[in-house]
Amino acid sequence: MNYIRVSVCQLEFFREENVLEKALKNGFSGEVYFDPFTRGRYATDASFYQIMPRAVAIPRGKEDIELALDAAREAGIAITGRGGGTSQCGQTVNTGLILDNSRHFNRILELDVENRRCVVEPGIVLDHLNRALKQHGLWFPVDVSTASRATIGGMTANNSCGGRSLRYGTMRDNVLSIEAVLHDGSTARFGPVFGDFSGNDTFSRIARDVITLGQKHADLIDERIPKLTRRVGGYNIDALVPNGKPANLAHLLVGSEGTLAYFTKIELKLWPLVGKRVLGVCHFPTFYQAMDATQHLVELGPLSVELVDSTMIALSREIPMFRSTIEQFVQGTPDALLLVEFDEGSQEANLEKLRLLEERMGDLGFAWSNEGKGWGGVLTVTDQQLQGQIAEVRKSGLNIMMSMKQEGKPVSFVEDCAVELKDLAEYTRELTDVFEKHGTRGTWYAHASVGCLHVRPVLNLKLDSDVRRMRAIAEDAFELVAKYKGSHSGEHGDGIVRSEFHERMFGSQIMAAFKEVKQSFDPDLRFNPGKIVDAPKMDDRSLFRFKPDYKVKELKTHFDWSAYPGAGGGFQGAVEMCNNNGACRKLAGGTMCPSYRATRNERDLTRGRANSLRLALSGQLGPDALTSDEMMETLKLCVSCKGCKRECPTGVDMAKMKIEVLAARAEEKGLSLHDRLVGYLPHYAGLASRLPWLANMRNTVPGLAKLLEKPTGFSANRKLPHWSSRPFRDTEVKPQTGDADVVLFADTFNRYFEPENLRAALKVLEAGGRSVTLAQPQSGRSLCCGRTFLSAGLVDRARTEAKRLVSALLPHVEAGRRIVGLEPSCLLTLRDEIPSLLPGDDAARVAKAARMFEEYIAEEIDTGTFNLPLRSPAPKVLLHGHCHQKAFNVVPAIRKTLDLLPETSIEMVETSCCGMAGSFGYGVETEEVSRRMGEISLFPAVRAESAEAIIVADGTSCRHQIHDGTSRDAIHVARLLELALDGSSPA
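Residues numbered from 1 in each chain as written. Predicted model: local features only at pLDDT ≥ 70, side-chain atom pairs only at ≥ 80, totals over all residues. Heavy atoms only, no water.

### Re the overall build of the protein chain
And step 1. Helices and strands together make up the secondary structure of the protein chain, namely 46 helices and 26 strands.
And step 2. Its C-alpha atoms give the protein chain a radius of gyration of 30 Å, within 12% of the compact-globule value 30 Å for 987 residues.
And step 3. For the C-alpha atoms alone, the extent of the protein chain along its principal axes is close to 95 × 85 × 55 Å.
And step 4. Relative to its 987 residues, the protein chain shows a buried fraction of 63%.
And step 5. For the protein chain, the accessible surface area stands at approximately 37,200 Å², while carbon and sulfur atoms represent 49% of it.
And step 6. In the protein chain, which carries 121 positive and 126 negative side-chain charges, the distance between the mean positions of the two groups comes to 4 Å. (Helix = DSSP H or I, 4+ residues; strand = E, 2+ residues; numbered from the N terminus. Rg over C-alpha atoms; globule rule 2.2 N^0.38 Å. Buried < 20%, exposed > 50% of the residue type's maximum accessible area, 1.4 Å probe, protein only. Areas by Shrake-Rupley, 256 points an atom, 1.4 Å probe, with all protein chains shown as cover. Lys, Arg positive; Asp, Glu negative; His and termini not counted. Charge placed at Lys NZ, Arg CZ, Asp CG, Glu CD.)

### What to know about the sheet that holds strand 6 (residues 117-120)
And step 1. Here 5 strands make up an open sheet; going across it, the order is 5-6-10-8-9 and the pairing antiparallel. Two strands in the sheet have a free side with no partner beyond their single neighbour: strand 5 (108-112) and strand 9 (187-190). Neighbour-to-neighbour, the strand axes of this sheet turn through a mean angle of 10°, independent of strand direction.
And step 2. As judged from the 4 bridges shared by strand 6 and strand 10 (residues 262-269), these two strands associate in the antiparallel manner. Bridging across to strand 10, Arg 117 finds its partner in Lys 269. (Pairing = 2+ DSSP bridges. Axes fitted to C-alpha atoms, helices over the stretch in contact; angles between N-to-C directions.)

### Overview of the pairing of strand 8 (residues 175-181)
And step 1. Burial analysis of strand 8 places 6 of its 7 residues in the buried class, the great majority of the element.
And step 2. Of the strand pairs in this sheet, strand 8 and strand 9 are connected by 4 bridges, and their pairing is antiparallel. From the neighbouring strand, Glu 179 faces strand 9, where its bridge partner is Arg 189.
And step 3. Connecting the antiparallel pair strand 8 and strand 9 is a turn made up of 5 residues, with Gly 185 showing a positive phi of about 95°.

### Focus on the packing of helix 13 (residues 320-329) against helix 15 (residues 384-395)
And step 1. Put simply, helix 13 and helix 15 touch, their axes get as near as 10 Å, and they point 115° apart. Of the possible angle classes, the one that applies to helix 13 and helix 15 is roughly perpendicular. Where helix 13 crosses over helix 15, the two elements pack in a sense that is left-handed. Where helix 13 approaches helix 15, its residues Phe 322, Thr 325, Ile 326, Gln 328 and Phe 329 are matched on the opposing element by Leu 386, Gln 389, Ile 390, Glu 392 and Val 393.
And step 2. Its residues assigned to classes, the contact of helix 13 with helix 15 comprises 6 nonpolar, 3 polar and 1 charged. (Parallel < 35°, antiparallel > 145°, perpendicular 65-115°, else oblique. Left-handed = near helix turned anticlockwise from the far one by under 90°. Contact = heavy atoms within 4.5 Å. Nonpolar A, V, L, I, M, F, W, Y, C, P; charged D, E, K, R; others polar.)

### A short note on helix 14 (residues 347-363)
And step 1. For helix 14, which comprises 17 residues, the first-to-last C-alpha distance of 24 Å matches the rise-based estimate of 24 Å (1.5 Å per residue) to within 8%.
And step 2. All of the buried residues along helix 14 are Asn 350, Lys 353, Leu 354, Leu 357 and Met 361. Projected down its long axis, helix 14 carries its buried residues within an arc of 100°, all on one side. The exposed residues of helix 14 that point more than 90 degrees off its buried face are Glu 348 and Asp 363.
And step 3. Considering only its buried residues, helix 14 is in contact with strand 12 (278-284), helix 11 (287-297), strand 14 (336-342) and strand 15 (377-381).
And step 4. Phi turns positive, to about 100°, at Gly 365, one or two residues after helix 14. (Expected span 1.5 Å × (residues − 1). Arc of directions from axis to C-beta.)

### Regarding the packing of aromatic side chains
And step 1. All chains considered together, the criterion is met by 22 aromatic pairs.
And step 2. Ring geometry for Phe 197 and Phe 203: centres 6.0 Å apart, planes at 85°, overall edge-to-face.
And step 3. Judged by its relative accessible area of 15%, Phe 197 is buried.
And step 4. Feature note: the residues Phe 190, Phe 197, Phe 203 and Phe 521 constitute an aromatic cluster, connected by ring pairs.
And step 5. Here the guanidinium or amino end of Lys 462 rests over the ring plane of Phe 546, the centre of that ring lying 4.8 Å away.
And step 6. Its guanidinium or amino end placed over the ring of Phe 559, Lys 656 lies 5.7 Å from that ring's centre, counting from NZ or CZ. (Phe/Tyr/Trp six-rings, centres within 6.5 Å; stacked < 30°, edge-to-face > 60°. Lys NZ or Arg CZ within 6 Å of the ring centre and 35° of its normal.)

Okay, structure coming up:
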C-alpha cells in the first residue's frame, strides 16, 4: 500500500490557502494567485532576501483591500503591501499574503493646482504622477533614482528621499495626510491632530497612545534620535514630541514600512517645476579630496551634489547605453566626480553659480593645469539633454555596480548610512579601512550633499565565509556610524537588513518605544511582521535568495554564456544577474518591457521571467519546471525585443534566455505545427514563391483563415504576409567585373515578401557610387540568418543556417567589404546570436563587418565619398525604430541618413515594441496583446499624422503591424531614399 505523507507545515499551508481562497471568493474584484510560479515572482525584492508568500492578491480598490485584510485575519496570516518591489532591505517580502498595489490601485483621486496638493492611491508610479502634473507646472520632488517604477505608497512607507532632498526634504516633509485601514478593518485619516481623542474608536485609542508616548519620552527622543535630514531608521516618534504645533500623525506612518496600517490614500504637497538647470562636474584626483570638498561646495546653495566614483565610471563605460555619455562629461582619469546642480531661476544667475563653483574649486587648490593631488576642475554642462543623460548614469549607479559578471556582487547592508558633512571625508576613509580589513572593497556613489553615500562591499552570499564577513563588516560599520553620531539608515529603510540593529543604534528605551507604537497599531501582528521591531537576524541564510542548500544542476545549453559563472556554461550566472531592480517596469521611454506595459503583470516582465528561470533552474519550482507549461506561460508574451539587452543595467538578455528554454522544451516535448510553419519558413519559402497564388489562398479564400486557425495557431483576425509574385532573384545583381564595395544580404522576408525593398537598396547604393555584389550560398537554397529557427527553439537548425551564412560572407569580409542588410532582426542576428552560436574568429569578423543599410550610409557620409542627389519625397517623415535597431543603437544612424532629405521634417515616434514581433502578432493566443502593445503609443501617433506624411519602419513585422492597426502603409528607409532619388511620392 502506498501512503501519502504530508507534513504538519504542509497541512497548515493548505488550510490557510483554502480559508483564504474561500474568504476571497465572493466580492474580490482583483486577481488572487496561489500557484508557485506567481508566489515565487513575489518572493524577492531588490534585496538579497527571498521569502515565499502564501498567496498574492492584486486589488482593484479599497474594497478589495478591506476584503483581503478580513480574509487574511480569518486565515491567521499577515499581509504585506507592495508597489514596484524595489526595496533593497527586504521590506516587501514576507510569508503571508502579498498585496500588489501597482497594477490597478494607482489613480490620481484629487488635484488641487492652486493649493499645490494632490491625493493619490498608493500604487501610482512617481514618473506617472509627474507626467500628469507637468502640464500644470507642478511636480512631486522626492525624485528617487527608481522613479520609473517606484510607487508613492512604497516611497511613503520607506520615507524615501531622492537626490534633491537638500532643497525639498524627504517624503515625511512632503506627505500631508494618509488614509489607512487599521488592524480591525476600520478606516482612519492620519494628519494634523487636535483635541483629546476621548472616543472609544480604534483611531482615537491609537492617537491617545502615541501622543502620550511622545510627551512621555520627549527628552529621550531629543537625546537619542539623530538630527539629520537622512535619518529614516525606526519609527518617526520624534514627530510626536510637543513643539507648539499640532502633531501630524501621518509622519508616524511615513517610514513605517507597512507595519502599522494599510495605506489607501496619500495626500501630497506639490512644488513648482524646476526651471532650466546647469551642472558643474567637479573632477578630483582622490576620493578623500572629493569628500572633504563637499562641505565647501554645499555652501554655494546647490540643488544637489551627487557623487560618482572611478569604479562606477569604469563600469558605465562597459554598458552600451551609457558609454557615449561618459565620454562627454568625464575628462582624464579622476578618482571621483561631484555633480553639482544649480537652479537659480534664470540662466544668468545659473551661470554666475557655475563661475562661483569654478572659483571655489580654485580656492580649494584644484586646476586642470596642476599635477598630482592638485589636478582637477569643473566641466560645465548647460545642455539640458546631456544633463538628463548624466542624471540617468547617476540614477543607475546601483544597477551599474550590479553589472559585474562574477559570483561576488556589491551587497546592500551598510550602504546608506549618513553623517554630517564635516565628518564625511574621515567617515568614508575609516569605512574603506573596514572593508580592507575584511578583504573586500566598495564602490561609492549618490548623495554627497546630505552626507548619505551609497556603498556596497563586494561579497558572494552563496558562501558561508562571505556571509560571516558581511556580519563582521556590519558590526564595525555601525559602530563607526555611532562614533560620528550618524544614522545607520539614511534612505533605503530598515527591512530585514537594519532592523535588528535599532537597539544598538538608538538604545533599549527607544526600542521599547518603537514596540509600544507597533503594539498600539497592530496588536495581532498582522501588518508586515519582522520589520523595524521583532526582526530576524540580518544574516539568517534561511531568508536569503541563495539559501544554504541553493544549487543549480548542470544542464545542456546552446549559446556561449562563458562570460558568466555557474552551471550551463554560465547560463546560471546570466540568469542570476537580475537583481530585481525593476528598471524593466518603466511605462514610458526606451523599449523594455513592452508586454508588461500592455498587461502590468509581474509575470510579463524581464524581472518576473528571470526570477522564474532562477527558481526553476535551482529546483525550487519542482522537477522539470524549466520546460513546463507554466514556464511557457511565463515566457509566452516575451516578444524577444532585446530591449533588456541594452536597457537592463545588469544586462539580462531575456530574448536569448527564452531561446534556451524553447530549445529545451522542443527537445523534450517536440514542436507544434505552428512552430514548424514558423521555424522552417526558409526551407519552404523558395517553393511557396513559385506558387504564390496557392501560398496566399489563406488570405484570399473567405473562411479559410478561420478553418485553419486551430491547426496552424495563426489568428484568423489577421492576414499573413503576402507572398510576392515577383521575388528577388540573385540575377538582379549584376556580376562584378572588378572588386565590389559592399555585399548585400538578401534576407528571407525581403526576398520573398517585399522584394521592392532590396531593389530600392540596390538602386540607392549604386546611385551613391557603390558597386554591389550579393551574398550567395556555395550551393542549395538562399541564405538565411536562422532567426525563424531560433524563435521555435530549433537551435541546431539555426546553427546550421549560421554556418552557411558565415561561410558565404567570410570571403567578402576578407576582401574588405561591408555586409549590408535591410531587415533588422536578420542582419543584427549576425552581430548577436550568431557569434554566440559559433564562438570563434570567423563569426566575430563577420559580425564586425555587418551593417544595417542606413548604418552603412551614415558611415559613408562621413567619408565624403557617398553623395546622393535627393529631393524631398514628402514634407514630413514619421519614423518608428525596430526594437533590435534600438537595442544595438542603430536609430541614430537612421536619423543621420534621413537628414540627407532636403525640406523634410523628421520625427521619431517614442515607442516600445510595435507588438508584431515576427510571428508573435499572428498567434491565436498573442494577437490581442499584440494589438494592445501597438495601441500604447505607435498606433495613436500614426493615426494622428497627416495623410501627406510618410511612415517609415525598417522592420517587416513593424510595417505589417502599422498597416493592420491603422490602415496606413509604412515603407522601408531604402524605399524612402529611392523615392527621394526619383522625386516621387509613395503610391
